[in-house]
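Residue-level structure breakdown
As a plain string of letters, each chain reads:
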Amino acid sequence: MSWPCPYLGVQEAVISNPIKDMSADERLHLISVSLNKRHRKEKQLKLAGLAAITLAIGFLVVLMTNIFSNGYTALLQSEVRIDINVPKAEILGADGAIDIQKSQAFNWNGLVKKSFRAGFPDVKGMSDRRMLNDLVSENAGYELRQAIEKDPSLIDQSSFWVKTSDDVDMLLKGRIKTTLPEKLRRIKDSQLVWINQLEQKNDLRKVFNTAFFTNADSREPESAGILGAIVGSAMVLMITIIIALPLAVMAAIYLEYFAPPGRLTDFIEVNINNLASVPSIVFGLLGLAIFLGFFNMPRSAPLVGGMVLALMTLPTIIIATRASIRAVPTSIRDAALGVGASRMQAALDHVLPLAAPGILTGTIIGIAQALGETAPLIMIGMVAFIVDVPTSVTDPATALPVQIFIWSDSAERAFYERSSLAIMVLLIFLISMNLLAVFLRKRFEKRW
Amino acid sequence: MRFSYFIAGLALSSSLAGLAHARDQISIVGSSTVYPFATIVAEKFGQTSGFKTPVVESTGTGGGMKLFCGGIGVQYPDITNASRAIKPKEADNCAANGVEFIEIIAGNDGLAFSNSLEAEALNLSVSHIATALAAELPAGGMTNNKDAEYQPNALTTWAEVDQFVTAMGGSKANLPAKPISIMVPPPTSGTRDALGALFVEPGLEVIGLQASEELREDGRVIEMGENDSLIIEKLVADPSMFGVFGYSFLEQNRDKVQASVVNGVELNFENIASYDYPGARPLFFYIKSAHIGVIPGMKDFIEEFVSEKAMGLDGYLFPAGLVPLTDEETASQIAKISDN
């Protein structure tokens, strides 16, 4: 059975169709032309997209090679062997153990420098001797003292490997051009001769730069490390998670399930979205005014840093949590309510576990963002020179990106490679956090 | 329920916040020019004194003064570094908050007016630097009439600057016909204040113009952050640019940048010590009197800073670029401390 189609009839009557009047060849031609045009456009779009991605990857590769080529040499540290006889009488107490008081008063640096100069008996005169001293790290004495206090048996050893100064380190790594006129070089001609002598005696070596991973900041690049900054960052992030995660999840649940629809709720919602895009320095100012100014909390403390960054990440996590709660089908909640669960039970025991992977992903991304933040920390005094590794959340501390910022602003050339290495470490942390987010999503995500 | 743990954690962290804390390390803020020296002393002090290592922040001189003068108590810093003397306004603020302080001169520094080693070294006068930087000049600098109306600086090349300075009765420096582009520190920086006080104002006065610290804002003077390394990087990348920073940065980067000779005086340590170099200036730090004896190690730290082994000619601050005081000056600094 068939019905006449009234519309077709009307159309045919009113509108003349040019394609219908064409011959089959003409029609084919027209189609192929327009088809070609569409294909060409598609190709252009594809090429433009490809070009954009290539450009982005190109920049990334340039950036990474630059960071890597500047930074990998910081994994090694030059050392020089010096014959040192530690005068036991001046360090040991009556009981034969190390007397900390005496050890503290003893001029360790003088001992190291004097022993080093003993290897060059021909060098006389104040300025030559000073130039000779400059080849050895200013911290060599302190590090020798620490090593001996830790392992008193070393006191009988007659030769020690101690760190060279950063200038020698830079020279041995080929970062000082010896072709420049002497006046413009940090290493002078006479120093080059001495370094050559040391090299011939096999008294110079490069070892893995453990100090970089076991020390906090130092003014001497050869003893500067990132441990303090990593511990500081870990404390800050811990505080951030403790504060931001529960608050954000509670806020999201309230807004999704309990908030009465109305102007106030809309207002709160708009504000949360706005807060997510507020520049981070503003949160730093808030922290300075409220936490430091009003509550008199300590300056430079990871506790305050964590609280400020928690405020900053709060909106991100709220938005992610709300999205993942909404992604859970209403049937789950309806079923829970249907069998007599309370609204709280339905939200906490049924919806939340299913939304957890999404919440975690959002949290990790928010936290990764907080890990890379320096601006708010400037205001609360966490951008500072701090030598001691923090042991509690109220101790002064820096964070990893702050350490990079401080080193990159230091005059000494050797800090340049160290900041590049620190950037690599920060990137490794960021990449692993993002990978964890991807993994959690893949592993626990439920499809409906 | 798991949420009770979260709430417990929250309560715990807020109770921590309420804890009044006793600070057992010195807190130092202030100038980014003094920062490298203060950190060296701090580290040495931490290694040898048995006290905790002081915490040093680089906030700029102005920022440091604001924090320092905020009040008395552990939440306020104990010492602020300054690359210029305290301003009357800042001293008033200190007084209003009951902060009494001792001023110590840590040593001398010189403003380097530098460009890349690859470019030609300039030999100019403070008037050249001043006219290149000034916001307004008679007829914008396009006249030889001193009394012409002051208009925004229209000089675009160093040769024009030279021509204008000569027309005003200054010395000729044979500057190249290269565009003017100068990087300066931000207004919060003491180095910026020193630039105004040592180069711009006297430079304009010498050739009989109205003294002003205002710098031009037409893009030829570029304001940088408190980051001298960045200025060095930019100078290397663009040999036509100039930058203003402290002597210690010049010392560490002699293989990249060179300082211009100003008023016929080379920038080196002797000329800073003798104050022959027009950009020579003292560096300060200010100590909160009320905190001495309250914060552990305050007195010891200050004594370490002004000691011969730190500030002296053979001291460890000299290789870092701090030009030592004369013996009498050092003695008077030590006297200021022992009075308290």
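Each chain has its residues counted from 1, following the order in which its sequence is written. Each chain is given a letter, starting from A, and each ligand a number, starting from 1, according to the order in which they appear as written. With the structure being a predicted model, the display of local features is reserved for residues of pLDDT at least 70 and the display and counting of side-chain atom pairs for 80 or more, all residues being used for whole-chain, interface and lining totals. Excluded from the side-chain calculation are hydrogens and water; included are all heavy atoms of the structure.

Next up on the list: the overall build of chain A. A tally of helices and strands in chain A yields 19 helices and four strands. Its C-alpha atoms give chain A a radius of gyration of 34 Å, clearly above 22 Å, the size a compact globule of 448 residues would have. Along the first, second and third principal axes, the C-alpha set of chain A runs to 115 × 70 × 40 Å. Looking at chain A residue by residue over its 448 residues, the buried ones come to 44%. Secondary structure counts use DSSP, requiring at least four H or I residues in a row for a helix and at least two E residues in a row for a strand, with both numbered from the N terminus. For this measure, only C-alpha atoms enter the radius of gyration; the expected value for a globule follows 2.2 Å times N^0.38, where N is the number of residues. A simple rule labels every residue: compare its accessible area, found with a 1.4 Å probe on the protein chains alone, to the largest value its type can have, and call it buried under 20%, exposed over 50%, or partly exposed in between.

Residues and elements named next belong to chain B. Here chain B is partitioned into domain 1 (24-108 + 281-338) and domain 2 (110-280). For the purposes of this description, domain bounds are those given by an automatic or database domain assignment. Of note, the centres of domain 1 and domain 2, computed from C-alpha atoms alone, are 29 Å apart. In this description, contact between two residues means that some pair of their heavy atoms is separated by no more than 4.5 Å. Between domain 1 and domain 2, the contact holds 20 residues from the first and 17 residues from the second. Accessible area that two parts lose when put together, with a 1.4 Å probe and added across both, is what the buried area reports. The largest contributions to the domain 1 side of the interface with domain 2 come from Asn 108, Arg 281 and Val 323, which together make up 40% of the buried area. What makes a salt bridge here is a side-chain nitrogen of Lys or Arg within 4 Å of a carboxyl oxygen of Asp or Glu, nothing more. At the boundary of domain 1 with domain 2, the tally comes to two salt bridges. For Arg 84, the salt bridge identified is with Asp 193, shortest N-O distance 2.5 Å. Counted as a polar contact is a pair of N or O atoms within 3.5 Å, where, for protein atoms, one must be capable of donating a hydrogen and the other of accepting one, and residues adjacent in sequence contribute only when both atoms are in side chains. Where domain 1 meets domain 2, there are seven residue pairs in polar contact (both at pLDDT 80 or more). Every element with two or more residues in the side of domain 1 that touches domain 2 is listed here: helix 3 (61-68) and strand 13 (280-288). Ranked by the residues each element gives to the side of domain 1 that touches domain 2, the list is headed by helix 3, at three residues. Grouping the constituent residues of the side of domain 1 that touches domain 2 by class yields seven nonpolar, ten polar and three charged. Gly counts as polar in this scheme, as do all residues outside two lists: the nonpolar Ala, Val, Leu, Ile, Met, Phe, Trp, Tyr, Cys and Pro, and the charged Asp, Glu, Lys and Arg.

A regular strand carries its side chains on alternate faces of the sheet. Residues and elements named next belong to chain B. Of the two faces of strand 3 (residues 79-82), the one holding Ile 79 and Asn 81 and the one holding Thr 80 and Ala 82 are both buried throughout. At least two bridges found by DSSP between two strands is the condition for calling them paired. Where strand 1 (residues 27-30) meets strand 3, three bridges bridge the pair, whose relative direction is parallel. Opposite Val 29, over in strand 3, you have Thr 80 as the bridge partner. Pairing of strand 3 with strand 13 involves four bridges; the strand directions are antiparallel. Within the sheet, the bridge partner assigned to Ile 79 lies in strand 13 and is Ile 287.

Residues and elements named next belong to chain B. Positionally, Asn 93 belongs in helix 4 (residues 88-96). Residue classification places Asn 93 among the partly exposed positions, given a relative accessible area of 32%. For Asn 93 and Leu 230, which are 137 residues apart along the polypeptide, the C-alpha to C-alpha distance reads 33 Å.

Another point: the state of the cysteines. Residue and element names in this part refer to chain B. The disulfide definition used here is simple: a pair of cysteine sulfur atoms within 2.5 Å. A full pass over the atoms with the stated rule returns one disulfide over all chains. Linked covalently through their sulfurs, Cys 69 and Cys 94 form a disulfide whose S-S length is 2.0 Å. Taking the torsion about the sulfur-sulfur bond, which here is approximately -75 degrees, the covalent link between Cys 69 and Cys 94 counts as left-handed. Of this pair, Cys 69 sits in the loop between helix 3 and strand 3 while Cys 94 sits in helix 4, and the two are 25 residues apart along the sequence. Each member of the pair Cys 69 and Cys 94 is classed as buried.

Once that is clear, we can look at the packing of aromatic side chains. Any two of the Phe, Tyr and Trp rings considered here, Trp counted by its six-membered ring, make a pair once their centres fall within 6.5 Å; the pair's planes then place it as stacked at under 30 degrees, edge-to-face at over 60, or tilted in between. Counting across every chain of the model gives 20 aromatic pairs over all chains. Pairing Phe 212 of chain A with Trp 407 of chain A gives two aromatic rings, centres 5.9 Å apart and planes at 45 degrees, and the pair type is tilted. Of this pair, Phe 212 of chain A sits in helix 10 (residues 211-214) while Trp 407 of chain A sits in helix 18 (residues 400-408), and the two are 195 residues apart along the sequence. When its relative accessible area of 0% is taken as the criterion, Phe 212 of chain A is described as buried. Their ring planes at 20 degrees and their centres at 5.1 Å tell us that Phe 113 of chain B and Phe 242 of chain B sit as a pair that is stacked. With a gap of 129 residues between them, Phe 113 of chain B in strand 4 (residues 101-116) and Phe 242 of chain B in strand 10 (residues 242-246) connect regions that are remote in the sequence. As far as the burial class goes, Phe 113 of chain B and Phe 242 of chain B line up, both buried.

Once that is clear, we can look at the nonpolar core. Throughout this description, the term nonpolar core refers to a set of buried Ala, Val, Leu, Ile, Met, Phe, Trp, Tyr and Cys residues connected via side-chain atoms within 4.5 Å. With 114 residues, the main nonpolar core has Phe 285, Phe 301, Phe 305 and Leu 317 of chain B as its most contacted residues. Examining the composition of this core, we find that 14 residues originate from one element, helix 11 (residues 227-258) of chain A, more than from any other. Setting aside chain neighbours within four positions, we find Phe 305 of chain B in contact with Ala 38, Val 41, Ala 106, Phe 285, Ala 310, Met 311 and Leu 317 of chain B. Formed by 54 residues, the second largest nonpolar core is a distinct cluster that contains Leu 124, Val 161, Phe 164 and Ile 207 of chain B.

So, about a nonpolar patch on the surface. A cluster of nonpolar side chains, contributed by Phe 68, Tyr 72, Leu 75, Leu 76, Phe 208 and Phe 213 of chain A, occupies part of the molecular surface with about 560 Å² of accessible area. Relative to the helices and strands, Tyr 72 of chain A is located in the loop between helix 3 (24-71) and strand 1 (76-83). Patch building starts from residues that exceed 30% relative accessible area and form no salt bridge, then joins like charges within 9 Å and nonpolar side chains (Val, Leu, Ile, Met, Phe, Trp, Tyr) within 5 Å. Areas reported here follow the Shrake-Rupley algorithm with a probe of radius 1.4 Å; residue values treat only the protein chains shown as occluding.

A few words on the packing of helix 15 (residues 330-338) of chain A against helix 16 (residues 343-371) of chain A. Residue and element names in this part refer to chain A. The angle between two axes is taken between their N-to-C directions and runs from 0 to 180 degrees, where each axis is a line fitted to C-alpha atoms and a helix contributes only its stretch in contact. Closest axis-to-axis distance for the helix 15/helix 16 pair is 9 Å, and the angle between their directions is 145 degrees. Here helix 15 runs over helix 16; the crossing is right-handed. Two secondary-structure elements touch here, helix 15 through Ile 332, Arg 333, Ala 336 and Leu 337 and helix 16 through Arg 343, Ala 346, His 350, Val 351 and Leu 354. The class makeup of the residues in the contact of helix 15 with helix 16 is six nonpolar, one polar and two charged. Less than a right angle of anticlockwise turn of the near helix away from the far helix marks a crossing as left-handed, whereas a clockwise turn marks it as right-handed.

What follows concerns the sheet that holds strand 1 of chain A. Residue and element names in this part refer to chain A. Strand order in the open sheet made by the three strands is 2-1-3, with antiparallel pairing throughout. Of all strands in the sheet, those bounded by a partner on one side alone are strand 2 (159-163) and strand 3 (204-208). When strand polarity is set aside, the average angle formed by the axes of neighbouring strands in this sheet is 40 degrees. Alignment of strand 1 against strand 3, held across five bridges, turns out to be antiparallel. Along strand 3, the bridge assignment pairs Gln 77 with Val 207.

On to unusual backbone geometry, then. Positioned with a positive phi, Asn 296 of chain A is a non-glycine residue whose angle comes to about 55 degrees. When its relative accessible area of 35% is taken as the criterion, Asn 296 of chain A is described as partly exposed. In this structure, Asn 263 of chain B takes a positive phi of about 50 degrees despite not being glycine. Examined against the element boundaries, Asn 263 of chain B turns out to sit in the loop between strand 12 (261-262) and helix 10 (269-273). Asn 263 of chain B sits in the partly exposed class, given a relative accessible area of 42%.

Moving on: a negative patch on the surface. By the counting rule applied here, Lys and Arg register as positive and Asp and Glu as negative, while His and the ends of each chain are not counted. A charge is said to be at NZ when it belongs to Lys, at CZ for Arg, at CG for Asp and at CD for Glu. A cluster of acidic residues, Glu 136, Glu 149, Glu 213, Glu 214 and Glu 217 of chain B, forms a negative patch at the surface. Overall, the relative accessible area of 63% leaves Glu 149 of chain B in the exposed class.

Here we come to the pattern of salt bridges. Under the criterion given, the structure shown has 31 salt bridges over all chains. Between Asp 167 of chain A and Arg 186 of chain A there is a salt bridge, with the nearest N and O atoms lying 3.3 Å from each other. Of this pair, Asp 167 of chain A sits in helix 8 (residues 166-172) while Arg 186 of chain A sits in the loop between helix 8 and helix 9 (189-200), and the two are 19 residues apart along the sequence. With a relative accessible area of 15%, Asp 167 of chain A lands in the buried category. A salt bridge links Lys 52 of chain B to Asp 24 of chain B, with the shortest nitrogen-to-oxygen separation between them at 3.7 Å. On the criterion of sequence distance, the pair formed by Lys 52 of chain B in the loop between helix 2 (35-48) and strand 2 (55-57) and Asp 24 of chain B in the loop between helix 1 (2-18) and strand 1 is long-range, its members being 28 residues apart. The class of Lys 52 of chain B is partly exposed, set by a relative accessible area of 32%.

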